[in-house]
Amino acid sequence: MMNREPKQYSSGEVLAPPTERYTILGWLHKNLFSTWYYTLLTLVTLYILYAILKPSLIWIFTQAQWEVVVANLRLFMVGQYPKDQIFRIWLALDLLAFTVGLAWALFLPKERRVGAVLVIIPLLLASLPFISSYSRINWILFAAIGVAGWALGRWQPKKMRRPLIVLMLGYFPILILLISGFEPILKLVKTNYWGGLLLTMLLAVVGITLSFPLGILLALGRQSELPIVKTFSILYIEMVRGVPLVTILFMAQLMLPLFLPPGMKIDNVLRAMAGMVLFAAAYMAENVRGGLQAIPKGQHEAAWALGLNGFQTMFYIILPQALRNVIPVIVGQFIALFKDTSLVAIVGLLDLLGIASTVLAQPEFIGRQREVYLFIALIYWVFSYAMSYASRRLEVALGVGER
Amino acid sequence: MRETVAKVKTTPEQILSLSEEDRSAAIERGELPIVLAHEVHKWYGNFHVLRGINMEVYKGEVIVIFGPSGSGKSTFIRTINRLEEHQKGHIIVDGTELSRDVRNIEKIRMETGMVFQQFNLFPHLTVMQNITLAPIHVRKWPKEKAEEVAMQLLKRVGIPEQADKYPGQLSGGQQQRVAIARALAMQPKIMLFDEPTSALDPEMIKEVLDVMIELAESGMTMLVVTHEMGFARAVANRMYFFDQGQIVESGTPEEIFSDPKEDRTKLFLSQILH
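The rules behind each value
- Once a new chain begins, its residue numbering starts again from 1 and follows that chain's sequence as written.
- Naming scheme: in the order in which they are written, chains are lettered from A and ligands are numbered from 1.
- Local features in a predicted model are, by the rule used here, given only for residues with pLDDT of at least 70; side-chain atom pairs are given and counted only at 80 or more, and totals for whole chains, interfaces and linings are based on all residues.
- The basis for every side-chain value is the complete set of non-hydrogen atoms in the structure, without hydrogens or water.
- Here, a strand pair is defined by DSSP locating no fewer than two bridges between the strands.
- Only runs of H or I of at least four residues qualify as helices and only runs of E of at least two qualify as strands under DSSP, and these elements are numbered from the N terminus.
- Any pair of residues with heavy atoms lying within 4.5 Å of one another is described as a contacting pair.
- Each patch groups residues whose relative accessible area exceeds 30% and which form no salt bridge, using 9 Å between like charges and 5 Å between nonpolar side chains of Val, Leu, Ile, Met, Phe, Trp and Tyr.
- Here, Shrake-Rupley sampling with a 1.4 Å probe gives the accessible areas, and only protein chains in the shown set may cover a residue.
- Salt bridge, as used here, is a side-chain nitrogen of Lys or Arg placed within 4 Å of a carboxyl oxygen of Asp or Glu.
- Each residue is assigned to one of three classes by its accessible area relative to the maximum for its type, calculated with a 1.4 Å probe on protein chains only: buried under 20%, partly exposed between the two thresholds, exposed over 50%.
- What pLDDT expresses is the predictor's confidence in each residue, scored from 0 to 100.
- Under the convention used throughout, the expected extent of a helix is 1.5 Å for every residue step, that is, one less than its residue count.
- In the analysis that follows, any N or O atom pair within 3.5 Å is treated as a polar contact, provided that within protein one partner can donate a hydrogen and the other can accept it, and provided that, for residues neighboring in sequence, both atoms belong to side chains.
- Axis lines are fitted through C-alpha atoms, for helices just across the contact stretch, and the angle between N-to-C directions can take any value from 0 to 180 degrees.
- Buried area: the sum, over both parts, of the accessible surface (1.4 Å probe) that disappears when the two are put together.

Caption draft 1: Representation of the sheet that holds strand β2 (residues 47–57) of chain B in the model. Spatially, the 4 strands line up as an open sheet ordered β2-β1-β4-β5 (chain B), and their pairing is antiparallel. The sheet terminates laterally at β2 and β5 (96–97) of chain B, the two strands that pair on one side only.

Take a look at the structure:
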């Protein structure tokens, strides 16, 4: 028997924490095969993965006929948008790349991942074998303009601040102007020519950017002390939340004309947009209200005691904290809204899903459902995952749950 | 024999009958109180929390309010900047009567600073932003001036090196000192302290009290709800003992500590002084 002396630690001595190191086999043993039921679970899971993946991969790479996607790529991306006007969409994308590049340099200089989105992804897209050389050049241009924006921001950080804010605020109207056109400089492109991913994105972006402020106003209205504002907000929120989105879209298409003066017509796409915005705003309001209620009363009191008025208290103290706390929920709702845009296919708009059904009606591609739906599912997934990922980065950057 | 229950000499009419300039001149000379509470009552539902509070505080005085929990002392100090509404009686702060008039409330809040038990710093703003927010948006100071003043105040409370940190990164004592600096940045005429050391660990109480003592010695008018009797002994001009919504006894620290008149005061003091 050894009798070990306990080691004496002097007060100034600081020990480093013990580090755990694993070999690959050690990791496998600890995480996958540590007990007999873990081992069983691991093996069953592996078998299920194999059973699903093997036939799927075999189908994707050997049996699927992807010509349907390649031949209709333009249709999937922009619908019936006139071919000679597509440069306007590229222009809008280039402006976006420039803005993001500039914002990257000024606001998120340490966030390397923005670079991946701005440079690597467009270059990857440019290297796809089946896209037209026109698109290839434009993707390379996109990356180049993004880098140019970034370089400009690094070179003149002070001077570019104001232009950047103008760009960020003005991007949305510029985008709409570019896409729809304005006589006599840009030919008008009616909304029934907008389609595919372009329409899906426009619906989502409009829905997100307008429902967000509207939802905040409704949430504040619901907490208001003015009885009329409060009652209206509650009625609105509860009524909209009690109705499925499809119903609202149908109402906007079929009922709205009944209330409008004869001769006045509102564009189909605009009606769908309005329906989506009004729908999403009610849900947004409830999410924001949850955040508002979580702010302790002491925050209001401290702000009032300093002499801030009700608006200043809300704008500088309460809302920033409330919104920060509900970022995950809000982004979740943005993602849901993005996917819900596919419902406009039911009222006859040719968004990504609507285009899919027209493509499937082409005689030479009859029976290509699997390829087409898998392709658009992939597009939906990529954008949804990107939003979800961006939200996690935003949470880290804002220190949600830490401060 | 001195009066044990506080009575006030000044009536609300005496202040309100004067023109605004005369009021502030008289307050400045110490002829009229800067804070006057006259027969103040408040109810929470059927519960009568404040039952006829009378108090006058002159410019530069330091007032300590103490008493058992539920005695209405915090509620009273919070009526002075209208975080609580009183339902009867008059409260006149720096010549302005508190009423439902929002302009009066905003005016009084600009002249009174408040320090809370739970600090109530804004967790999403840095220390510097916490302090400069109100001067920039309420007093409309340019940012540079507000930051300069904030830095001086941070030096005064002893933590200039913490300016760019967030409140969550500071200790309780440091947070409370930031809260004091934040209130002082508005250059108030009156400072209200609502149990400023009750939420602090024992070793941090002193650093906050030192700042408050320095502030008292600089001539600030202060109303302090606290059980820190050492602080009261060192700087208070008068002390008020609250119980069940009333002022039971008032007097100088000397009078209260060595010769309390009321049994309730004696009992309470014996409990907190051990």
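Having seen the model, we can carry on.
Caption draft 2: A look at the environment of Leu245(A). Residue and element names in this part refer to chain A. Here Leu245 shows up in helix α11 (residues 245–259). Sequence separation of Leu245 and Ala294 is 49 residues, and the distance between their C-alpha atoms is 29 Å. The residues contacting Leu245, other than those within four sequence positions of it, are Gly275, Met276, Phe279, Asp340 and Leu343.

Caption draft 3: A nonpolar patch on the surface, seen in detail. All names here are of chain A. On the surface, Trp36, Tyr37, Tyr38, Leu40, Val44, Tyr47, Ile48, Tyr50 and Ile52 cluster together into a nonpolar patch covering about 1100 Å² of accessible area. By the element assignment, Trp36 lies in helix α2 (residues 36–63). On the accessibility criterion, Trp36 (66% relative accessible area) is exposed.

Caption draft 4: Here's a closer look at the confidence of the model for chain B. Residues and elements named next belong to chain B. Per-residue pLDDT for chain B averages 93, and the proportion of residues at 70 or more is 97%. In the predicted structure, residues 1–5 sits below a pLDDT of 50 and forms 15 contacts with residues beyond four places in sequence or in another chain. ipTM for the predicted complex: 0.93, alongside a pTM of 0.83.

Caption draft 5: View of helix α14 (residues 310–325) of chain A. Between its terminal C-alpha atoms α14(A) stretches 21 Å, which fits the 22 Å expected from 16 residues at 1.5 Å a residue. Residues of α14(A) that are buried include every one of Gln312(A), Thr313(A), Met314(A), Ile317(A), Ile318(A), Leu319(A), Gln321(A), Ala322(A) and Arg324(A), and no others. Each element contacted by the buried residues of α14(A) is listed here: α9 (196–222), α12 (268–293), α13 (297–305), α15 (327–340) and α17 (369–398) of chain A together with α5 (127–137) of chain B. For α14(A), the N-terminal capping position is held by Asn309(A), with its side-chain oxygen 3.2 Å away from the main-chain nitrogen of Phe311(A).

Caption draft 6: Spotlight on the pattern of salt bridges. Inspection of every chain in the model, using the stated rule, returns 25 salt bridges over all chains. A salt bridge links Glu28(B) to Lys59(B); its shortest N-O distance comes to 3.5 Å. In this pair, Glu28(B) is assigned in helix α2 (residues 20–29) and Lys59(B) in the loop between β2 and β3 (62–66), connecting sequence segments 31 residues apart. Since its relative accessible area comes to 52%, Glu28(B) is described here as exposed. The closest approach of N and O atoms between Lys266(B) and Asp263(B), which form a salt bridge, is 4.0 Å. Of this pair, Lys266(B) and Asp263(B) both sit in helix α11 (residues 263–273), 3 residues apart, roughly one helical turn. For Asp263(B), a relative accessible area of 60% corresponds to the exposed category. Overlapping salt bridges bring together Arg222(A), Glu238(A), Arg241(A), Glu286(A) and Arg289(A) as one network.

Caption draft 7: The environment of Pro257(A), seen in detail. All names here are of chain A. Here Pro257 lies in helix α11. On the basis of relative accessible area, Pro257 is assigned to the partly exposed category, the value being 38%. In this structure the C-alpha to C-alpha distance between Pro257 and Val331, which are 74 residues apart in sequence, comes to 33 Å. Residue contacts for Pro257: discarding those within four places in its chain leaves Ala252 and Arg271.

Caption draft 8: Broad picture of the sheet that holds strand β10 (residues 246–251) of chain B. Residue and element names in this part refer to chain B. Spatially, β6-β7-β8-β3-β9-β10 is the arrangement adopted by the 6 strands of the open sheet, whose pairing is mixed. Taken across any chain shown, the strands that pair with only one partner, and hence form the sheet edges, are β6 (112–115) and β10. Across the sheet, the axes of successive neighbouring strands diverge by a mean angle of 20 degrees, strand direction being ignored. In the sheet, strand β9 (residues 238–243) pairs with β10 via 5 bridges, with the strands oriented antiparallel. Across the sheet, Phe242 pairs through a bridge with Ile247, a residue of β10. Where helix α7 (residues 172–184) meets the sheet, its contacts fall on β6 and β7 (190–194), and the angle it forms with β6 comes to roughly 170 degrees. Lying on the sheet, helix α8 (residues 202–217) is in contact with β3, β7 and β8 (221–225); it crosses β8 at an angle near 145 degrees.

Caption draft 9: Region of interest: the pairing of β10(B). Burial analysis of β10(B) places 5 of its 6 residues in the buried class, which makes it a mostly covered element. Connecting β9(B) to the next strand, β10(B), in antiparallel fashion are 2 residues, including Gln244(B) with a positive phi near 50 degrees.

Caption draft 10: Quick look at the pairing of β2(B). Residues and elements named next belong to chain B. Bridging between strand β1 (residues 35–44) and β2 involves 8 bridges; their strand directions are antiparallel. Bridge pairing in β2 links Lys42 to Leu50. In sequence, β1 turns back onto β2 through a hairpin of 2 residues, with Gly45 there showing a positive phi of about 60 degrees.

Caption draft 11: Molecular detail of the interface of chain B and chain A. Listed per partner, the contact involves 23 residues of chain B and 18 residues of chain A. Summing the contributions of chain B and of chain A, the shared interface buries around 1800 Å²; its carbon and sulfur component is 64%. Among the residues of chain B in contact with chain A, Arg109(B), Phe122(B) and His124(B) are the three that bury the most area, contributing 28% of the side total. Connecting chain B to chain A are 1 salt bridge. The salt bridge partner of Arg78(B) is Glu301(A), with a shortest N-O separation of 2.6 Å. Here chain B is connected to chain A by 7 residue pairs in polar contact (both at pLDDT 80 or more). The set of elements that each furnish at least two residues to the side of chain B that touches chain A consists of α4 (102–111), β6, α5 and α7 of chain B.

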